[in-house]
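Structural description and commentary
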Amino acid sequence: GSAGFDGVAYRRIWPHTGPMESGEQHVESGSFRIHREKALEKLGKYQLPNPWEFAAAWARLAVDSGASYVEAGSDGDSSVLSFDGRPVPEGVLLDPLSALFGEEAGDPRGRVLAVGFLALLRLRPAGVVIASGGRTWVHDPVKGDSAERTGRVPRTGMRVVWDGSVRANSGHFVREFKSVLALADIEVRAAGPGTRDRGGSWLRTSLDTGALMCARRARGADSGMVSVHCRGVRGYKAAHATLDGFEVLVRDDALQLDFTGCQLARDLRFEETVRQAVRSA
């Protein structure tokens, strides 16, 4: 069958219990071929502080792929994401975690995809499907992982199947993608729960560093929060007590990313950008 939202349809491969369609070829099962015990220590250093930061990692993947839009929404028991742009290298979708061990080193998007998936695993999804170019990769916590060759698709599509608390997770999924791409130069299409913005209007200004700053009055969880974005994607978010009652977003494309390719390096430029944002709000 097929499933979609906002007019975007894509083949529903989860769960994939039936025979393969014509033209499909099973490639490999049992992803994560590197010895697990030896890999745990290395994988640990790539853990993002919050598992929901997988949204920032996959948003970075979309931006680095040259996407003109990102579309996020819900489909039954799943959250779905799609974007256009360059497809993910087929070698990455043989085993997404392999990029953390030096494979597909020529394309940094493999690392961003892997870091995001590693964070997502901490949310214990019932399944994950990633399709891009001519390959589809399926993560099944029970049956193991597999990769298939399929017909080429014009977009990269991702499906996260939730096990329980479906509506809550689906709403959070949409909100996170809207949040991490709030200052992006690409169109963000969001459908489903959690899409309504209840905040006030933004006041825009420029910092001395040339960075763009947006501030508005806020309540609840957004009060006192500072989010710093680089090249369209959020790479830092934290609460600052002196900003109680306000929410601040900053975009500074001169900032550097750390080795994960997702988080911002905490260098002097970063510290100055945050300091100016907190002082100017």
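Residues numbered from 1 in each chain as written. Predicted model: local features only at pLDDT ≥ 70, side-chain atom pairs only at ≥ 80, totals over all residues. Heavy atoms only, no water.

1. As for the packing of helix α2 (residues 54-64) against helix α4 (residues 166-180)
Interhelical geometry of α2 versus α4 gives an angle of 55° and a closest axis separation of 9 Å. It follows from the interaxial angle that α2 and α4 lie oblique. Judged by the sense of rotation from one axis to the other, the crossing of α2 with α4 is right-handed. On the side of α2, the interface is formed by F54, A55, A56, W58 and A59, while α4 contributes F173, E176, F177 and V180. Along the lines of polarity and charge, the residues of the contact of α2 with α4 split into 8 nonpolar, no polar and 1 charged. (Axes fitted to C-alpha atoms, helices over the stretch in contact; angles between N-to-C directions. Helix = DSSP H or I, 4+ residues; strand = E, 2+ residues; numbered from the N terminus. Parallel < 35°, antiparallel > 145°, perpendicular 65-115°, else oblique. Left-handed = near helix turned anticlockwise from the far one by under 90°. Contact = heavy atoms within 4.5 Å. Nonpolar A, V, L, I, M, F, W, Y, C, P; charged D, E, K, R; others polar.)

2. Regarding the sheet that holds strand β15 (residues 246-251)
Strand order in this open sheet of 5 strands is β11-β12-β15-β13-β14, and the pairing throughout is mixed. Of all the strands in the sheet, just β11 (203-206) and β14 (233-239) have a single pairing partner and so form its edges. Averaged over all neighbouring strand pairs, the angle between strand axes comes to 20°, with direction disregarded. The sheet contacts of α4 involve β13 (225-230) and β14, and relative to β14 the element is tilted by about 105°. Those strands touched by helix α5 (residues 268-280) are β12 (212-217), β13, β14 and β15, and its axis lies near 145° from that of β15. (Pairing = 2+ DSSP bridges.)

3. Here we look at the packing of α2 against helix α3 (residues 109-121)
Axis separation between α2 and α3 bottoms out at 8 Å; the angle between their running directions is 160°. As judged from the angle between their axes, α2 and α3 are roughly antiparallel. Seen from above, α2 lies across α3 with left-handed handedness. Residues F54, A57, W58, R60, L61 and D64 of α2 touch α3, and the partners they reach there are R109, V112, L113, G116, F117, A119 and L120. Per-class residue counts for the contact of α2 with α3 are 9 nonpolar, 1 polar and 3 charged.

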